[in-house]
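# Commentary on secondary and tertiary structure
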Amino acid sequence: MCMTPRRMRRKLRAIAIFISFLTLLAGCATTEQHAPLSERVSQTEIAPAEDTSLTLVFAGDIMAHKPNYQNSDFARIWRDITPLVSSGDLSFANIEAPVAASLPWSTYPQFNMHSEYVEAAINAGFNVFSLANNHTNDQFLDGIKETKKYFDTRKGIWACGLKEKSGGELTYKIIEKNGWNVLFVAITEILNRNDYASYIDYYPSTEKKRAQLIEELKALQEKSACDLFVVSIHCDEPEYVLSITENHRAFYKKIIEECRADIIWANHPHIVKPFEETAASTFYTETLGQKKRTAFIMYANGNTISAQRTNPQFAAPETPRDYTGDGLIVKLTATKSAKGEVLLSGFEPHLITTYITPNWQYVVKELNEDFINSLDRAEVVNWAKYLGERKRIMERVLKGD
């Protein structure tokens, strides 16, 4: 079929318009100057991710003597340090008693507390707990099982130290928080009695049991692929003694080196000992190459709340028993780099004290100039002078003097 000249001109015009449209599209595409796909993939692989950080708060022993629990306003205990405790993404404390509501409250020497006492601490911001210590089996198997059940059913709370069955493997928690995986283990080297010890993460401080613990911690660290490894140790050493034993210093550093633990959080003496940042060897991975490490040891953070100091010696503040009324809360920052290195920094020590109010409630306060000056203004002169001296004493303790 022959095409008329007029129809031919229309077709040629349509073809020209189409070609112009394609040229325009090509021009638009080239103005963005995209790199070839192979180059874009390469750039994505080498582009560093942003550093991420995690804030951790470590307290000491939460105890419940009769003077602590006979006043039922448990929230009042924590009111003044709640901003500090809740400032941590993860805030750690040691529960120094069974938590068994079906059993009566009980004070020293066989402790028992009820869940509302712990709930007040949780409401203040604590969310990670060690349950392994020398008082864990004060209420025998019923106390162990009820404690474990309470913490297992508490959402958003992590706790370690108790086994599901007798002779079970070392327990642990992988805490997923803000893009981090934190491996947490809590063990005790000491029990007041051996009843039902097989239900507790109990590793006596013998050469054989320590070697076993090292191997188990190594295996946990290797399989967990964690970003941060925190080990809680309720240590077998004398109570109320300020010095650090060389035995434990060497043991903790061995855990850091051989098990790649990042933080050792030790307790038991009921008094504060110094803490230290310690060197940790670098290690190699096939994907990341050499990774730097820092590590941190807390030798004892003392009592966070207790009633061991019921009769403060206002005229003799260095009396050994008076050290049980002061504690330490350490706040630190863990930073994870694009290379996968985790570094610890920003160590903030906060001294705390258990203050006995005029109506005989034991409450926790920060041991600082603001609180001491408030007592002075209120003409509570004995406490103001006493805590001023206790603050100076505790500052010397932290320096290792």
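For clarity, every value in this text was computed on a predicted model and none was experimentally measured. (Residues numbered from 1 in each chain as written. Predicted model: local features only at pLDDT ≥ 70, side-chain atom pairs only at ≥ 80, totals over all residues. Heavy atoms only, no water.)

## Side note on the pattern of salt bridges
Put simply, the rule is: Whenever Lys or Arg places a side-chain nitrogen within 4 Å of a carboxyl oxygen from Asp or Glu, that contact is recorded as a salt bridge. Counting from the N terminus, the helices are DSSP H or I runs at least four residues long and the strands are E runs at least two residues long. Exposure categories follow from relative accessible area, calculated using a 1.4 Å probe and restricted to protein chains: below 20% of the type maximum is buried, above 50% is exposed, and the middle band is partly exposed.
A complete count under the given rule lists 21 salt bridges for this structure. One salt bridge connects K336 with D227, and the closest N-O pair in it is separated by 3.2 Å. Placement of the pair is K336 in strand 12 (residues 326-336) and D227 in the loop between helix 8 (207-224) and strand 7 (228-234), with a sequence separation of 109 residues. What makes D227 partly exposed here is its relative accessible area of 21%.

## Digging into the pairing of strand 12
To keep things clear, this is the line we draw: Note on pairing: DSSP must find at least two bridges between two strands before they are called paired.
Within strand 12, nine of the eleven residues are buried, leaving the element largely enclosed by the surrounding structure. The pairing of strand 1 (residues 52-62) with strand 12 spans seven bridges and is classified as antiparallel. Note that in strand 12 the partner of T55 across the bridge is T333. Pairing between strand 12 and strand 13 (residues 342-356): ten bridges, direction antiparallel. Looking at the pairing, V330 lines up with P349 of strand 13. Hairpin connection, strand 12 to strand 13: the antiparallel pair is bridged by five residues, and G340 has positive phi, about 95 degrees.

## As for the confidence of the model for the chain
Selection rule: The quantity called pLDDT is the predictor's confidence in a given residue, expressed from 0 to 100. Here a residue-residue contact requires only that any non-hydrogen atoms of the pair lie within 4.5 Å.
Counting all residues, the mean pLDDT for the chain is 88, and 85% of those residues have values of 70 or more. Note that residues 1-6 has pLDDT below 50 and, in this model, three contacts with residues that lie over four places away or in other chains. Long-range and interchain partners of residues 284-288, a stretch whose pLDDT sits below 50, account for five contacts in this model, where long-range means more than four residues apart.

## Quick word on the pairing of strand 1
Where burial is concerned, most of strand 1 is hidden: nine out of the eleven residues are buried. Relative to strand 2 (residues 90-95), strand 1 runs parallel, the two being bridged by five bridges. The residue of strand 2 that forms the bridge with V57 is S91. Sheet analysis places strand 1 next to strand 11 (residues 303-305), joined by two bridges and oriented parallel. Paired with I62 across the two strands is I305, which belongs to strand 11.

## Quick look at the nonpolar core
The criterion, for reference: Residue types Ala, Val, Leu, Ile, Met, Phe, Trp, Tyr and Cys, when buried and joined through side-chain atoms within 4.5 Å, form a set referred to as a nonpolar core.
Counting residues in hydrophobic clusters, the biggest one holds 88 residues, and the most contacted among them are I62, W78, F129, F151 and L228. The dominant element in this core, judged by the number of residues it contributes, is helix 11 (residues 381-399), at seven residues. Dropping the residues within four chain positions of it, F129 is found in contact with I62, A93, I95, I122, F151, I157, W158, A159, C160 and F184. One finds C226, I233, C235 and A295 within the second-largest nonpolar core, a separate group that totals 26 residues.

## Notes on helix 7 (residues 140-152)
Heads up, the rule is: Here the expected span of a helix is defined as 1.5 Å times the quantity of residues minus one.
The end-to-end C-alpha distance of helix 7, which contains 13 residues, comes to 19 Å, matching closely the 18 Å that a straight helix rising 1.5 Å per residue would cover. Regarding helix 7, the residues found buried are L141, G143, I144, T147, K148, Y150 and F151. Those residues of helix 7 hidden inside the fold are in contact with strand 2, helix 6 (115-124), strand 3 (128-130) and strand 4 (158-160).

## Describing the environment of T206
Note on placement: T206 falls in the loop between strand 6 (180-188) and helix 8. Exposure remark for T206: the relative accessible area of 38% places this residue in the partly exposed category. Residues T206 and E189, spaced 17 residues apart in sequence, show a C-alpha to C-alpha distance of 9.0 Å.

## Let's talk about the packing of helix 10 (residues 369-377) against helix 11
What counts is decided by this rule: Each axis is a line fitted through C-alpha atoms, taken for helices only over the stretch in contact, and angles between the N-to-C directions span 0 to 180 degrees. For this classification, under 35 degrees means roughly parallel, over 145 means roughly antiparallel, 65 to 115 means roughly perpendicular, and everything else is oblique. Put simply, a crossing is left-handed when the front helix is turned counterclockwise from the back one by less than a right angle, and right-handed when it is turned clockwise. In this count, Pro and Cys sit with the nonpolar residues alongside Ala, Val, Leu, Ile, Met, Phe, Trp and Tyr, while Asp, Glu, Lys and Arg are called charged and the others, Gly among them, polar.
Packing of helix 10 against helix 11 leaves a shortest axis separation of 8 Å and a crossing angle of 160 degrees. Here helix 10 lies roughly antiparallel to helix 11, going by the angle between them. Remark: the crossing between helix 10 and helix 11 carries left-handed chirality. In this structure, helix 10 contributes E369, F371, I372, L375 and D376 to the contact, and helix 11 contributes W383, A384, L387, G388 and K391. Here the residues of the contact of helix 10 with helix 11 sort into six nonpolar, one polar and three charged.

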